[in-house]
Amino acid sequence: MEQVELRFDQASQESQTHTNLSAIRRSPTGLWIAGDETATFEHLTWVGDHFGTQRTYPLADYVDLPAGRDEEADIEGLARADGHLWLVGSHSLKRRRVKSKDPDKAADRLATVVREENRFILVRLPLRQGTEIPEPGAIMAGGRNLTTHLAGDRHLAPFLALPGKDNGLDVEGIAVVGERVYLGLRGPVLRGWAVLLELRVEDTGKGRLRLREPYRKHFLDLSGLGVRDLCPDGDSLLLLAGPTMGLDGPVRVLRWHPGPEPRQVVPQDALETVLELPFGVGCDHPEGLALLGGGRLMVVYDSPSPGRITAAGGVLADVFTI
């Protein structure tokens, strides 16, 4: 394993983007990055010994966000395919955190569930030909967001009213392969089986995306883990598998070969374990995968340990050879 620095500007350090990394994807000149506490996405350029020269792109400059430009979008997945950049929000509700300085209000906070509309988005942005400059694109959001299609689903509908960290619906990865858009769910996990959604979408021409045909579900036996990210690798998908609840581990990378007609139910023996990943106690939670070429796989971490924070305002990612 080796490590490489991702260096962020002062504004991103102040908003703690570098300690809340949730999604990553390779570009021809560097990396696309997103954190889960803002409504922006970032591009870092390779400058010889680290990724830096950050550019920040507010999502609201490119699509019509349902709750406006300032509410966080909880971006949990990035994909880059066929000249487009894709971003997906968690589509999850959240329960208020208990604050240690105010334990008397803990019960009330635990009873409070919040819905933030900017989390319920799927975005596709064209990249200007020959560049990595995004242009205005299309969004699936509002009254026709993904959860409206799941409202009658016999497996997933019962979990739509639960917060993501309570094994409710929680989208945490996206991979685009041809016309297939795969979404990996951290939750729910159904008796140990994780869920991937397969979508085919189209642009209405009015800045909106919609499903072109009914979605499909795939159930993968990940031994009780949920999907934390997805990354295409040739004709296979790499899956970052980790706990669906607020636990530290285990975390591993697995390989799935969907094939031309992917199976609905995928047993353990159809999955190959590629890596067992390190994780910390209360820190260093693997959140994003990106292939760098030459069989090198980058992993970024949410809540990085102090040892990952660099003096230049960056954070260290791990690179494994697979």
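Look a little higher up for the structure.
Quick look at the structure, then. Keep in mind that this is a model prediction, so the values were computed, not measured.

## A short note on the overall build of the protein
So, point 1. If you tally the helices and strands in the protein, you get three helices and 25 strands.
So, point 2. Against the globule reference of 20 Å for 322 residues, the protein gives a C-alpha radius of gyration of 18 Å, in line with a compact fold.
So, point 3. Judged by the C-alpha coordinates and their principal axes, the protein covers about 55 × 50 × 45 Å.
So, point 4. Counting all 322 residues of the protein, 55% fall into the buried class.
So, point 5. Carbon and sulfur atoms make up 48% of the accessible area of the protein, which amounts to about 13,800 Å² in all.
So, point 6. When the 37 positive and 45 negative side-chain charges of the protein are each reduced to one mean point, those points stand 4 Å apart.

## Side note on the environment of Ile 174
So, point 1. Within the element layout of this structure, Ile 174 appears in strand β12 (residues 170-177).
So, point 2. With relative accessibility at 0%, the residue Ile 174 sits in the buried group.
So, point 3. When residues no more than four places from it in sequence are discounted, the contact partners of Ile 174 are Arg 25, Gly 77, Leu 78, Ala 79, Trp 86, Val 88, Leu 122, Val 181, Tyr 182, Leu 183, Asp 229 and Leu 230.

## Things to note about the sheet that holds strand β14 (residues 193-199)
Neighbouring strands of a sheet are bound in pairs by backbone hydrogen bonds; such pairs are parallel or else antiparallel.
So, point 1. Pairing is mixed in the open sheet, where five strands are placed in the order β12-β13-β14-β17-β21. The open sheet is flanked by β12 and β21 (265-266), the only strands paired with a single partner.
So, point 2. As defined by bridge partners, strand β17 (residues 216-221) adjoins β21 across two bridges and the pair is classed as parallel. Across the sheet, Leu 220 pairs through a bridge with Val 266, a residue of β21.

## Focus: the pattern of salt bridges
So, point 1. Evaluation of the coordinates by the stated rule reveals 30 salt bridges.
So, point 2. The partner of Asp 170 in a salt bridge is Lys 165, with the nearest N and O atoms 3.9 Å apart.
So, point 3. On the basis of relative accessibility, which here comes to 1%, the residue Asp 170 falls in the buried class.
So, point 4. Its relative accessible area of 46% is what places Lys 165 among the partly exposed residues.

## A closer look at the side chain of Arg 228
So, point 1. Take Arg 228: it is sitting in strand β18 (residues 226-233).
So, point 2. Separated by 2.5 Å, the side chains of Arg 228 and Glu 287 make a polar contact.
So, point 3. In contact with Arg 228, other than residues within four places in its own chain, are Glu 172, Arg 186, Leu 240, Ala 241, Gly 242, Pro 243, Pro 286 and Glu 287.

## Regarding the environment of Pro 286
So, point 1. If you trace the backbone, Pro 286 turns up in strand β23 (residues 285-293).
So, point 2. A C-alpha to C-alpha distance of 9.7 Å links Pro 286 and Ala 317, two positions 31 residues apart in sequence.

## Some remarks on unusual backbone geometry
So, point 1. Cis geometry marks the peptide bond from Gly 187 to Pro 188; its omega dihedral reads 5 degrees.
So, point 2. Turning to its location among the elements, Pro 188 is positioned in strand β13 (residues 180-190).
So, point 3. Cis rather than trans, the peptide bond between Gly 249 and Pro 250 has omega equal to 5 degrees.
So, point 4. Structurally, Pro 250 is set in the loop between β19 (236-242) and β20 (252-256).
So, point 5. Look at Asp 74: it is not a glycine, yet its phi comes out positive at around 50 degrees.
So, point 6. Relative to the assigned elements, Asp 74 resides in the loop between β5 (51-58) and β6 (75-81).
So, point 7. The exposure class assigned to Asp 74 is buried, which follows from its relative accessible area of 5%.
So, point 8. Phi angles above zero are rare outside glycine, and Asp 284 is one such case at about 50 degrees.
So, point 9. Within the secondary structure, Asp 284 sits in the loop between β22 (271-276) and β23.
So, point 10. With relative accessibility at 12%, the residue Asp 284 sits in the buried group.

About the criteria used
Residues numbered from 1 in each chain as written. Predicted model: local features only at pLDDT ≥ 70, side-chain atom pairs only at ≥ 80, totals over all residues. Heavy atoms only, no water. Helix = DSSP H or I, 4+ residues; strand = E, 2+ residues; numbered from the N terminus. Rg over C-alpha atoms; globule rule 2.2 N^0.38 Å. Buried < 20%, exposed > 50% of the residue type's maximum accessible area, 1.4 Å probe, protein only. Areas by Shrake-Rupley, 256 points an atom, 1.4 Å probe, with all protein chains shown as cover. Lys, Arg positive; Asp, Glu negative; His and termini not counted. Charge placed at Lys NZ, Arg CZ, Asp CG, Glu CD. Contact = heavy atoms within 4.5 Å. Pairing = 2+ DSSP bridges. Salt bridge = Lys/Arg side-chain N within 4 Å of Asp/Glu carboxyl O. Polar contact = N/O pair within 3.5 Å; in protein donor to acceptor, adjacent residues only side chain to side chain.

In short, the description is geometric, and any link to function would need to be established separately.
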